[in-house]
Amino acid sequence: MLSIDDAVTRLASSIQTVDETETVSISEANQRVLAIDVIAPISLPPFTSSAMDGYAIKTSDEDRIGSSFRVVGTSLAGSPYQDDEAIDQTAVRIFTGAVVPDWADTVVLQEDVDRKAETITLKETPTPGDNIRLIGHDVQKDDLLLAKGTRLGAFEVSWLAACGVASVNVIRRIRVAIFSTGDELQDPGQPLSEGQIYDSNRTALKELLQEKPVDIADMGRLPDDPVVIEEAIAETSEKVDLIVTSGGVSVGDADYVRLVIEKLGELTFWNVALKPGKPIAVGQIENALFLGLPGNPVSTIVTYLLFVARAIDALSGIEALVPLTVPAVLTSTLRHSRRRREYQRGILSRSGSNLHVRSTGDQSSNRLATLAAANCLIVVPEIADSVDEGEIVDVLLLPEEAYHVVNNPSESLSSDIS
Ligand code: AMP
Ligand code: MG
């Protein structure tokens, strides 16, 4: 069976970045991916400015405690001091963000001077450069601001805004079609007939995809009928970059999805040494990448996190990153048999300066309740047998959907510091 790492590598090498781009305003750019390098159009700060409220002076060797300066004017943020002549022993009253006069090299803090009428006297010896933000201290004009392939989030977009960049060239949104498969599925809101269950996978996928730069086509439910599946997939593969299905990829009599991929296109791999989610089927049909996820709801979500999310990143030109895991002390024994890497739903919490993690209980892959209760996945390696309480395990943090903070207030950071 293919290892997860080999599967991820094979998937990545089968993907070509979408090369169509568009220019969007930065207010539309959140989550999008830069198609070209962005070069700084200005230096930031654009002028040498004060970092504090105080007095701008020119220091010299004699400027020690007790030296006096005559206050000749004021520089406010947005309203610079105009008379820019260097005069010995003069000071300009200055505020945070205001232009520092050319001749000044230091801002002394207002609390470090005595002011009487228009004269200030230093209470501290100033150091040249103190409390001054030099022009270009954040970025210099014409330097690289953000590189091609950068995913834009709130931090990057505000960085662009700070440099006056109003629009950016980005990779167009990835077109993703989602299908559920299974004769047993019904839509929420409808009554269930004997043997039916509600389709939760399409909802899960649509919600998870909200964090990605995609246009989602919800293609509904397909019956366990190879002809209908084939027709729907063939038609859709001409219109999208990525088809994601759930269900029908295993070896049951009603599992037709993998056979349809083989008929219409090429199966890149099937069956990965993963739990939950082993029978994932990856292929290519025409221009569309195909990810056939297993039907059990937890398997669908775990394979989304491991494969679909990364595939969309690769299609959008984001460099592949190894997801961050953190070490934690296991507080419940985990049962596991070798050969497959398992991602067990867990609850991560803090105890003093340690992270503790425990399983959410029965790990059956249909039990969405245990995923709703989890805030992490505990990674149990392929080579491990059961893992005992007290051992250190790797923990994969989950996206915002799982944002249940578990922290004992008496064990917070402040108690460590004191
Ligand atoms: P399959 O991979 O088609 O054999 O499905 C495995 C299990 O997942 C079965 O119990 C299905 O009923 C269930 N399942 C398949 N698709 C969905 C879905 N869209 N929502 C919820 N459960 C599903
Ligand atoms: Mg099925």
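Residues numbered from 1 in each chain as written. Chains lettered and ligands numbered in written order. Predicted model: local features only at pLDDT ≥ 70, side-chain atom pairs only at ≥ 80, totals over all residues. Heavy atoms only, no water.

To continue, consider the pairing of strand β12 (residues 167-171). β12 sits mainly inside the fold: 4 of its 5 residues count as buried. Of the strand pairs in this sheet, strand β1 (residues 21-25) and β12 are connected by 5 bridges, and their pairing is antiparallel. Paired with Val-24 across the two strands is Val-168, which belongs to β12. (Buried < 20%, exposed > 50% of the residue type's maximum accessible area, 1.4 Å probe, protein only. Helix = DSSP H or I, 4+ residues; strand = E, 2+ residues; numbered from the N terminus. Pairing = 2+ DSSP bridges.)

Sheet architecture is open: 6 strands sit in the order β7-β4-β6-β5-β9-β8, paired in mixed fashion. Strand pairing shows two members of the sheet lacking a second neighbour, β7 (106-109) and β8 (113-116), which therefore form its edges. Taken over all neighbouring pairs, the strand axes of this sheet differ in orientation by 40° on average, direction set aside. Bridging between strand β5 (residues 68-75) and strand β9 (residues 119-122) involves 3 bridges; their strand directions are antiparallel. Following the sheet pairing, Arg-70 is matched in β9 by Thr-119. (Axes fitted to C-alpha atoms, helices over the stretch in contact; angles between N-to-C directions.)

Turning to the site of ligand 1, a few remarks are in order. Around ligand 1 lies a shell of 16 residues, among which Glu-184, Asp-199, Ser-200, Gly-248 and Gly-295 are the nearest. Here an oxygen atom of ligand 1 sits 2.8 Å away from a polar atom, N or O, in the main chain of Gly-248. One of the backbone nitrogen or oxygen atoms of Asn-296 is found 3.2 Å away from an oxygen atom of ligand 1. Protein burial of ligand 1: of its 480 Å² of free accessible surface, 76% is covered by the chains. Counting residues per element, the ones that place at least two in the shell around ligand 1 are β13 (174-181) and β15 (197-198). A breakdown of the residues in the shell around ligand 1 according to their chemical character gives 4 nonpolar, 9 polar and 3 charged. (Near = heavy atom within 4 Å. Polar contact = N/O pair within 3.5 Å; in protein donor to acceptor, adjacent residues only side chain to side chain. Areas by Shrake-Rupley, 256 points an atom, 1.4 Å probe, with all protein chains shown as cover. Nonpolar A, V, L, I, M, F, W, Y, C, P; charged D, E, K, R; others polar.)

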